[in-house]
Amino acid sequence: MARVGLSAERLARAGAELADEVGFEQVTVSALARRFDVKVASLYSHVRSSHDLRVRIALLALEELADRAAEALAGRSGKDALAAFANVYRDYAREHPGRYAAARFRLGPAAAAASSGPRHARMTRAILRGYEVPEPEQTHAVRMLGSVFHGYVDLELAGGFDHSAPDPAESWSRILDALDALLRNWPPTPPTD
C-alpha cells in the first residue's frame, strides 16, 4: 500500500530539493527514502528506479526553467531578450545548482520530446528571429548560445573565476554584449556546391 501523501510528483519535488542540497548525482531512491523516513520499497510504487527519479527531476527542472524564461522574455526583443533569457539560466543555476544539473540530464527520445526542452528551443529561436538570423542558421546559433550560457555557468559554479579579476558579473555582461554584436552580424549561410 502506498504511504499517504507520497506521489511521484511529491518525490520528484523532494528529489529536486535534495539535489540542490547534495548534488544531482547523489539523488537516489535510497537517499529519498531516508529523507521521508520510509523503507526504499515503499517508494517503488511511485518511481521505478533512481534513473526514473532523476528523469522526473530533470523534467521538473526543465519546466521550471522554461516558465521562468517565458516570463522573463515577455515583451522583450533584441539584446534585452537575450540578456533576460541568459540571466534566467545563470540565476537558476546559482539558486538551484542541483536542479540546474538535472536540467542537463540526458533524456531518452520520448522523455525529451515530452519535456519542456522544446519550449527552450522555441524561445531561443524567437530571440534569434528578432536578430533576423535566417532559419537555416538558427540551429547553429541555438547551439552556440547554449554552449556559452552553460559553459560559463558551469565554470562559475565550479569556482573557475573565484581567483581572478574582474568580477564574474562584469565578464558575463561583456559576453552578452559580444553575443548581441555577433547575432546582429551573423555570417551568411555558406553557399553549397
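Figured I'd write up the structure that's included with this text. (Residues numbered from 1 in each chain as written. Predicted model: local features only at pLDDT ≥ 70, side-chain atom pairs only at ≥ 80, totals over all residues. Heavy atoms only, no water.)

All right, on to the overall build of the protein chain then. Helix and strand counts for the protein chain stand at 10 helices and 0 strands. Order of helices (α) and strands (β) in the protein chain, N terminus to C terminus: α-α-α-α-α-α-α-α-α-α. If one aligns the C-alpha atoms of the protein chain with their principal axes, the spans along those axes are about 60 × 45 × 35 Å. Residue burial in the protein chain is summarised as follows: out of 193 residues, 42% are buried. Relative to all contacts within the protein chain whose residues are 6 or more apart in sequence, the contacts with residues 24 or more apart total 71%. For the protein chain, the accessible area works out to roughly 10600 Å², and carbon and sulfur atoms hold 52% of it. (Helix = DSSP H or I, 4+ residues; strand = E, 2+ residues; numbered from the N terminus. Buried < 20%, exposed > 50% of the residue type's maximum accessible area, 1.4 Å probe, protein only. Contact = heavy atoms within 4.5 Å. Areas by Shrake-Rupley, 256 points an atom, 1.4 Å probe, with all protein chains shown as cover.)

Next up on the list: the packing of helix α5 (residues 78-95) against helix α8 (residues 117-130). Where α5 meets α8, the closest approach of the two axes is 10 Å, and the angle between their N-to-C directions is 150°. Classified by the angle between their axes, α5 and α8 sit roughly antiparallel to one another. Helix-helix and strand crossings are classified by hand; for α5 and α8 the assignment is left-handed. Residues A81, L82, F85 and Y89 of α5 form the contact with α8, whose own contacting residues are H120, M123, T124 and I127. Taken together, the residues of the contact of α5 with α8 break down into 6 nonpolar, 2 polar and no charged. (Axes fitted to C-alpha atoms, helices over the stretch in contact; angles between N-to-C directions. Parallel < 35°, antiparallel > 145°, perpendicular 65-115°, else oblique. Left-handed = near helix turned anticlockwise from the far one by under 90°. Nonpolar A, V, L, I, M, F, W, Y, C, P; charged D, E, K, R; others polar.)

The subject of this paragraph is helix α1 (residues 8-22). With 15 residues, α1 extends 20 Å from end C-alpha to end C-alpha; this agrees with the ideal 21 Å at 1.5 Å per step. Here α1 has its buried residues at A8, L11, A12, A14, G15, A16, L18 and A19. Buried residues belonging to α1 abut α2 (29-36), α3 (40-43), α4 (50-73) and α6 (97-103). Just past α1, the residue G23 takes up positive phi, approximately 105°. (Expected span 1.5 Å × (residues − 1).)

Now for the packing of aromatic side chains. Enumeration according to the criterion identifies 7 aromatic pairs in this entry. Ring plane angle 75° and centroid distance 5.4 Å describe the contact between F24 and F105, whose orientation is recorded as edge-to-face. Here F24, found in the loop between α1 and α2, pairs with F105, found in the loop between α6 and α7 (109-114); they are 81 residues apart in sequence, far enough to count as distant. Of the aromatic side chains, those joined through ring pairs into one cluster are F85, Y89, F149, Y152, F161 and W172. (Phe/Tyr/Trp six-rings, centres within 6.5 Å; stacked < 30°, edge-to-face > 60°.)

Here the focus is the packing of α1 against α2. In helix packing, the relevant descriptors are the interaxial angle and the interaxial distance, both defined with respect to the helix axes. Running from N to C, α1 and α2 cross one another at 100°; their axes reach a closest spacing of 10 Å. What the angle tells us is that α1 and α2 run roughly perpendicular. Two secondary-structure elements touch here, α1 through R10, L11, A14, G15, E17, L18 and E21 and α2 through A31, L32, R35 and F36.

As a further point, take the pattern of salt bridges. Tallying each qualifying case throughout the model produces 18 salt bridges. The closest approach of N and O atoms between R13 and E64, which form a salt bridge, is 3.7 Å. One end of the pair, R13, is in helix α1; the other, E64, is in helix α4, and 51 residues separate them in sequence. A salt bridge links R68 to E95; the nearest nitrogen and oxygen atoms lie 3.0 Å apart. In this pair, R68 is assigned in helix α4 and E95 in helix α5, connecting sequence segments 27 residues apart. (Salt bridge = Lys/Arg side-chain N within 4 Å of Asp/Glu carboxyl O.)

Here α5 spans 26 Å end to end across 18 residues, near enough to the 26 Å set by a 1.5 Å rise per residue. Packing partners of the buried residues in α5 comprise α4, α6, α8, α9 (135-157) and α10 (168-184).

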